[in-house]
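Spelled out, the chains give:
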Amino acid sequence: MYRKPGFGDQPDWIREYTSSLEFDRKIYSAVVLTALAHLFHLWEKGLIPEEAGSALKCLVEALDKEDEVLSGEFEDVHEALEAWLLDKAGKHAGWLAYGKSRNDQVSTALRLALRKEIIRLLWEINRLRGTLLGKAERNLNVLIPAFTHLRPAQPSTVAHYLLHVEREVSVHWRTLWYLLREVIDLSPLGSGPVAGSSVPLDRGRLAELLGFSGVEENTIFATGSRTFASLVLGSIASLAVALSRVAEDLIVWSTSQFSIVRLPDRHVSTSSIMPQKRNPVTLEIIRAVAGDILGSLTSFLTITKGIPSGYNLDLQEANNHIFGPLEKIINAIKVMADLIDDIEFREVRDIQLLAQDVAERLVKERGIAYREAHSLLAKALRENGWDLKKAVESLDMELPGFEEAINSRGRGGPNPERMSKEISSRRKLLRDDIGRLTEFESLKLSAERELVERVRRTLERKHIE
């Protein structure tokens, strides 16, 4: 069996201990595409014999033979792929290693795989944004409290609350979109192990073949840095925390003590012994997922913080914390979107929420400073058992209505007319984001397909068997 050259035979248990094969299955197609681009570039530049095209043909076949390629006992996917190529293409497979290191290849494959996963994540965020905007539009005038310190504070609306959630996820969309285009979509290929190679590779051409928008210039950074992954994990962790807070809101609001929302039946579970229970199980999992992702971020940063510049095998262990969080956050967003689409809100008209409006009316009607008005109303509330209606009557005033209070709110508040305009504005931004993402994804998928087709056409033209 093929094994990469070394100082001697390693015991199987040592090789198993240092193996990354289980993780490598997650990036298999990206590894093969990276190898294909590298070998094809060598071939098209005439840096390797024309007969080496037979190895190219085998690499194209390898895209659909993951189980076969990874069936042996190998240290990693790179060793497995080279062994498979040697078996299929013989000595021509040896050209694959010319000018290429596993260091620049794995960094490239990670970026390719991350690119696909972040595109998936961005689509799910967009679906959640659309759901939130639709639900907000249907609940422009439904009154609920806005809270501080988990105490009812001011009158608000369902639309006002949901637009705050949409803003949270939209901000994370923009962050991930920036990272995708400006950080991840740069090619490390051609950087060699750490300081390049004497082989005259055109790194711009390698980037073009894999659909990257540019080249990650510095070869030390390109091969040994995982900042691109830690930035993604940090953004995902922040998004998970935001979703966890929303989940906590809805869990609390669905209790009998609050009774502001009724969760969809498919998102609750009964007790094994108490048949009346409606436990908010999917929201509880969303809260737990946030903790799980924070743990992955902490592990990733802790693994990478103490290693010197350039590639170290510690990075292999860090890789295990990249894709799991992405899958978890994607599923959490799907669950949240489904729940929001079918959740029911109960209008709450608690006159105690109007206390601030009463104090501000005192300022307008009596020409006194706000601090004096605040003290005057507080005194009246104490004297009337904290009953706002009686306190207002004792001050010879009228209690303002909820609609009056809501409609008086300025920019960013729950005023339904302003909310309606904001929803229209947010819908336009969402449509623009969908267009940008559609174009970006199409370009990347086309580049990957074109690489494979270009290799096939060239092989057929040259009659390579």
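In every chain, residue numbers begin from 1 and rise along the written sequence. Only residues with pLDDT of at least 70 are given local features in this predicted model, and only at 80 or more are side-chain atom pairs given and counted; all residues enter the totals for whole chains, interfaces and linings. Note that the side-chain values use all heavy atoms of the structure and ignore hydrogens as well as water.

**Observations regarding the overall build of the protein**
Link 1 in the chain: Each helix and strand in the protein was counted, giving 19 helices and 6 strands.
Link 2 in the chain: The globule rule used for comparison is 2.2 Å times the number of residues to the exponent 0.38, while the radius of gyration itself is calculated over C-alpha atoms. Here the C-alpha atoms of the protein give a radius of gyration of 30 Å, more than 25% beyond the 23 Å that 2.2 N^0.38 yields for 465 residues.
Link 3 in the chain: In terms of overall dimensions, the protein has C-alpha extents of about 100 × 50 × 40 Å along its principal axes.
Link 4 in the chain: The classification of residues rests on relative accessible area computed with a 1.4 Å probe and restricted to protein chains. Under 20% of the type maximum is buried, over 50% is exposed, and intermediate values are partly exposed. Per-residue burial for the protein yields a buried fraction of 50% across its 465 residues. Numbering of helices and strands runs from the N terminus, with a helix taken as a DSSP run of H or I at least four residues long and a strand as a DSSP run of E at least two residues long.

**What to know about the packing of aromatic side chains**
Link 1 in the chain: We call Phe, Tyr and Trp rings a pair once their centres come within 6.5 Å, taking the six-membered ring for Trp, and we label the pair stacked below 30 degrees between planes, edge-to-face above 60, and tilted otherwise. Scanning the model with the defined rule gives 8 aromatic pairs in all.
Link 2 in the chain: Grouped by ring-pair contacts, the aromatic residues F147, Y161, W253 and F258 constitute a single cluster.
Link 3 in the chain: For a lysine, the NZ atom is tested; for an arginine, the CZ atom; a charge sits over a ring if that atom is within 6 Å of the ring centre and within 35 degrees of the ring normal. Between the NZ or CZ atom of R111 and the centre of the ring of F228, over which it lies, the distance is 4.4 Å.
Link 4 in the chain: Sitting above the plane of the F212 ring, R115 keeps its charged end 5.1 Å from the centroid.

**Concerning the packing of helix α4 (residues 53-62) against helix α19 (residues 416-461)**
Link 1 in the chain: Angles here are taken between N-to-C directions and fall from 0 to 180 degrees, while the axes themselves are lines fitted to C-alpha atoms, restricted in helices to the stretch in contact. Between α4 and α19, whose axes approach to 10 Å, the crossing angle comes to 140°. It follows that α4 is oblique to α19 by the angle criterion. For α4 against α19, the interelement crossing comes out left-handed. For the pair α4 and α19, the contacting residues are G53, L56, K57 and V60 in the first and V452, V455, R456 and L459 in the second.
Link 2 in the chain: Polar here means any residue other than Ala, Val, Leu, Ile, Met, Phe, Trp, Tyr, Cys and Pro, which are nonpolar, and Asp, Glu, Lys and Arg, which are charged; Gly is therefore polar. Here the contact of α4 with α19 is composed, by residue class, of 5 nonpolar, 1 polar and 2 charged. These descriptions rest on fixed angle ranges, namely under 35 degrees for roughly parallel, over 145 for roughly antiparallel, 65 to 115 for roughly perpendicular, and the rest for oblique. Each crossing is labelled by how the near helix is turned from the far one, with a counterclockwise turn of less than a right angle marking it left-handed and a clockwise turn marking it right-handed. Pairs of residues are marked as contacts when any of their non-hydrogen atoms sit within 4.5 Å.

**As for the environment of R203**
Link 1 in the chain: Position of R203 relative to the elements: it lies in helix α9 (residues 203-209).
Link 2 in the chain: A sequence separation of 11 residues divides R203 from G214, and the C-alpha atoms of the two residues are 9.2 Å apart.
Link 3 in the chain: Each residue touching R203, except ones within four places of it in the same chain, is listed here: S187, P188, L189, G190, S191, V215, E216, E217, T219 and A222.

**A few points about the environment of F23**
Link 1 in the chain: Residue placement: F23 occurs in helix α2 (residues 21-24).
Link 2 in the chain: For the pair formed by F23 and P416, sequence separation is 393 residues and the distance between their alpha carbons is 50 Å.
Link 3 in the chain: Those residues in contact with F23 that lie beyond four places of it in its chain are L110, N319, N320 and F323.

**Quick word on the nonpolar core**
Link 1 in the chain: If you look at the biggest cluster of nonpolar residues, it comprises 127 residues, and the most contacted ones within it are L114, L243, L250, I329 and M336.
Link 2 in the chain: Among the elements that make up this core, the one with the highest residue count is helix α7 (residues 102-137) (16 residues).
Link 3 in the chain: L250 has contacts with V261, L263, L283, M336, L339, I340 and I343, leaving out every residue within four places of it along the chain.
Link 4 in the chain: Judged by nonpolar contacts, the second largest core, of 18 residues, contains L362, A373, L388 and L395. The definition of a nonpolar core used throughout is a set of buried Ala, Val, Leu, Ile, Met, Phe, Trp, Tyr and Cys residues joined through side-chain atoms within 4.5 Å.

**A look at unusual backbone geometry**
Link 1 in the chain: A positive phi angle, near 60°, is found at W386, a position not held by glycine.
Link 2 in the chain: One can find W386 in the loop between α16 (370-383) and α17 (388-394).
Link 3 in the chain: One non-glycine residue, D396, lies in the positive phi region at around 55°.
Link 4 in the chain: Tracing the backbone through its elements, the reader meets D396 in the loop between α17 and α18 (402-407).
Link 5 in the chain: Take D396: its relative accessible area is 72%, and that puts it in the exposed class.

**Description of the pattern of salt bridges**
Link 1 in the chain: Salt bridges, as used here, are contacts in which a Lys or Arg side-chain nitrogen is within 4 Å of a carboxyl oxygen on Asp or Glu. Taken as a whole, this structure holds 35 salt bridges when the rule is applied.
Link 2 in the chain: Here K88 makes a salt bridge to E68, at a shortest N to O gap of 3.5 Å. One end of the pair, K88, is in helix α6 (residues 77-89); the other, E68, is in helix α5 (residues 66-69), with 20 residues separating them in the sequence.
Link 3 in the chain: A salt bridge links R129 to D433; the shortest N-O distance between them is 2.9 Å. In this pair, R129 sits in helix α7 while D433 sits in helix α19, placing the two residues 304 residues apart along the sequence.

**Some details on the pairing of strand β2 (residues 151-157)**
Link 1 in the chain: The sheet contact formed by strand β1 (residues 143-148) and β2 spans 6 bridges and is antiparallel. Looking at the pairing, L143 lines up with T157 of β2.
Link 2 in the chain: Hairpin connection from β1 to β2: 2 residues lie between these consecutive antiparallel strands, with H149 at a positive phi of about 55°. For two strands to be treated as a pair, DSSP must find no fewer than two bridges joining them.

**Let's talk about the packing of helix α3 (residues 28-44) against α6**
Link 1 in the chain: The contact between α3 and α6 brings their axes to 11 Å, and the two run at 55°. As summarised for this structure, α3 and α6 are arranged oblique, according to the angle between their axes. Viewed along their axes, α3 and α6 form a crossing whose handedness is right-handed. Contacts from Y28, V31, V32 and A35 in α3 reach V77, H78 and L81 in α6.
Link 2 in the chain: Broken down by class, the residue content of the contact of α3 with α6 amounts to 6 nonpolar, 1 polar and no charged.

**Regarding α7**
Link 1 in the chain: The terminal C-alpha atoms of α7 lie 52 Å apart, and with 36 residues this matches the ideal 52 Å at 1.5 Å per residue to within 8%.
Link 2 in the chain: Two N or O atoms form a polar contact when they lie within 3.5 Å of each other; inside protein one atom must be a possible hydrogen donor and the other a possible acceptor, and for residues adjacent in sequence the pair counts only when both atoms belong to side chains. Of the residues that open α7, the one with a side-chain oxygen 2.9 Å from the backbone nitrogen of N103 is S101. Expected helix span is computed as 1.5 Å times (number of residues minus one).

None of the figures reported here should be taken as evidence of function without further support.
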